[in-house]
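So you can see what is in the structure, the chains are spelled out below.
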Amino acid sequence: MLAKYWKKIGLIILIVACLINVMSKLVNKVSLNKELTATVEYLYNQYQQENKK
């Protein structure tokens, strides 16, 4: 029975794996606000280091 349906079983496993991958990326996504805050802090620190020289 497994030999008869191996393509369908493989396709279902592939679809489930892709859905889990997409869902985990959506859940663990860094928000735009945090990304912008980190960028501003980095640029500010670079600006301060250049002014100290």
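Residues numbered from 1 in each chain as written. Predicted model: local features only at pLDDT ≥ 70, side-chain atom pairs only at ≥ 80, totals over all residues. Heavy atoms only, no water.

Trainee: What is the right way to look at the overall build of the protein chain in this model?
Mentor: Along the protein chain, the regular secondary structure elements total two helices and zero strands. Over its C-alpha trace the protein chain gives a radius of gyration of 23 Å, far above what one expects of a compact globule, namely 10 Å for 53 residues. The principal-axis extents of the C-alpha atoms in the protein chain amount to approximately 75 × 20 × 10 Å. Taken across its 53 residues, the protein chain has 0% of its residues classed as buried. Of the roughly 5500 Å² of accessible surface on the protein chain, a fraction of 67% belongs to carbon and sulfur atoms. (Helix = DSSP H or I, 4+ residues; strand = E, 2+ residues; numbered from the N terminus. Rg over C-alpha atoms; globule rule 2.2 N^0.38 Å. Buried < 20%, exposed > 50% of the residue type's maximum accessible area, 1.4 Å probe, protein only. Areas by Shrake-Rupley, 256 points an atom, 1.4 Å probe, with all protein chains shown as cover.)

Trainee: Mind showing me how you'd approach the environment of serine 31 here?
Mentor: Following the sequence through the fold, serine 31 ends up in the loop between helix 1 (6-27) and helix 2 (32-52). Between the C-alpha atom of serine 31 and that of asparagine 45, which follows or precedes it by 14 residues, the distance is 22 Å.

Trainee: Even after reading the chapter, I still don't get a nonpolar patch on the surface, so can you show me in this structure?
Mentor: The grouping of Met1, Leu2, Tyr5, Ile9 and Ile13 at the surface amounts to a nonpolar patch, some 570 Å² of accessible area in total. Here tyrosine 5 shows up in the segment before helix 1. A relative accessible area of 33% places tyrosine 5 in the partly exposed class. (Patch = residues over 30% accessible without salt bridge, like charges linked within 9 Å, V, L, I, M, F, W, Y side chains within 5 Å. Salt bridge = Lys/Arg side-chain N within 4 Å of Asp/Glu carboxyl O.)

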